[in-house]
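Below, each chain spelled out in residue letters.
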Amino acid sequence: MAKALCPGSFDPLTYGHMDVIERAARVFDQVYVTIFQNDAKNPLFTVQERVEMCREAVAHLPNVTVDAYHGLLVEYAKRQGISIVVKGLRAVSDFEYEFQMAQMNRRLDAELETFFMIARPEHAYLSSSIVKTIARFGGSVTGLVPPHVESRLLRKFGRSV
Ligand code: PNS
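1. Here's the deal with the overall build of the protein
- When its secondary structure is counted, the protein shows six helices and five strands.
- Reading the protein from its N terminus to its C terminus gives the helix and strand order β-α-β-α-β-α-β-α-β-α-α.
- In terms of C-alpha radius of gyration, the protein reaches 15 Å, essentially the compact-globule figure of 15 Å for 161 residues.
- In terms of principal-axis extent, the alpha carbons of the protein reach across some 50 × 35 × 30 Å.
- A total of 161 residues make up the protein; the buried ones form 47% of that total.

2. Here's the deal with the pattern of salt bridges
- On inspection of all chains with the given rule, the structure shows eight salt bridges.
- Of the charged contacts, one joins Lys 132 and Asp 11 as a salt bridge, the two residues approaching to 2.8 Å between their closest N and O atoms. Residue Lys 132 is found in helix 5 (residues 128-136), and its partner Asp 11 is found in the loop between strand 1 (3-8) and helix 1 (15-27); the two are separated by 121 residues along the sequence.
- Owing to a relative accessible area of 15%, Lys 132 belongs among the buried residues under this scheme.
- For Asp 11, a relative accessible area of 4% puts it in the buried group.
- With its nearest N and O atoms 2.9 Å apart, the salt bridge here joins Asp 94 to Arg 90.
- Here Arg 90 falls in the partly exposed class, since its relative accessible area comes to 35%.
- It is possible to trace a salt-bridge network through shared partners that takes in Asp 19, Arg 23 and Arg 120.

3. What to know about the packing of aromatic side chains
- Scanning the entire structure with this criterion turns up five aromatic pairs.
- Ring geometry for Phe 28 and Phe 115: centres 6.3 Å apart, planes at 45°, overall tilted. Here Phe 115 lies in strand 5 (residues 113-118) and Phe 28 lies in the loop between helix 1 and strand 2 (30-36), a separation of 87 residues in the sequence.
- Relative accessible area serves as the criterion here: at 39%, Phe 115 is assigned to the partly exposed category.
- With a centroid separation of 5.6 Å and 90° between ring planes, the pair formed by Phe 36 and Tyr 76 is classed as edge-to-face. With Phe 36 in strand 2 and Tyr 76 in helix 3 (residues 73-80), this residue pair connects regions lying 40 residues apart in the sequence.

Calculation rules
Sequence order as written defines the numbering, with residues in each chain counted from 1. Under the rules for a predicted model, residues below a pLDDT of 70 receive no local features and side-chain atom pairs below 80 are neither given nor counted, while totals for whole chains, interfaces and linings still include all residues. Hydrogens and waters are ignored; side-chain quantities use all the structure's heavy atoms. We count a stretch as a helix when DSSP gives it H or I for four or more residues in a row; a strand needs E for two or more, and each element gets its number in order from the N terminus. Two things to know: the radius of gyration comes from C-alpha atoms, and the globule rule equals 2.2 Å times the number of residues to the power 0.38. Residue burial is assigned from relative accessible area. The probe radius is 1.4 Å, only protein chains are included, and a residue is buried under 20% of its type maximum, exposed over 50%, and partly exposed in between. Salt bridges are defined as contacts in which a side-chain nitrogen from Lys or Arg sits within 4 Å of a carboxyl oxygen from Asp or Glu. Side-chain rings of Phe, Tyr and Trp, where Trp is taken by its six-membered ring, are said to pair if the distance between their centres is within 6.5 Å; with planes under 30 degrees apart they count as stacked, over 60 as edge-to-face, and otherwise as tilted.

Coordinates in, geometry out; function isn't part of it.
Take a look at the structure:
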């Protein structure tokens, strides 16, 4: 059974993430959407909130499991018997960072492969950070994140829904 890992901060999940997850779910038998800690980021949502938002978003995909892990990605992959990591690439600017992580993960576990999926052009400019900025200052994030994520963002920034 081919298992794939879609790792990320998912703070919060966007339609860009959803596109990669849905495409991975068509290619692999089982997909794990797992929330990891990114030391370079200070998250807006708790891990529990991010797990809930991801679970609701993938409820229609029977072969997708949502999980969270505090530790190294390679450790988690080994525990779950996963040998493929799937990451989205939006633009050349993503490449350097993703390349570094893929190389380091391979150094930590030579069996682990990283596959890259090219994001759809309409998602090229979409990121969790930009969504948070727009929502923080009262702009509309409709069409960038699922409706339940939009509601959570509005609540987080004290705007009622
Ligand atoms: O969505 P992000 O923030 O780009 O995802 C990055 C993430 C969370 C996948 C990355 O930071 C990660 O793998 N964190 C877990 C700890 C780890 O294994 N770090 C990489 C060592 S090379």
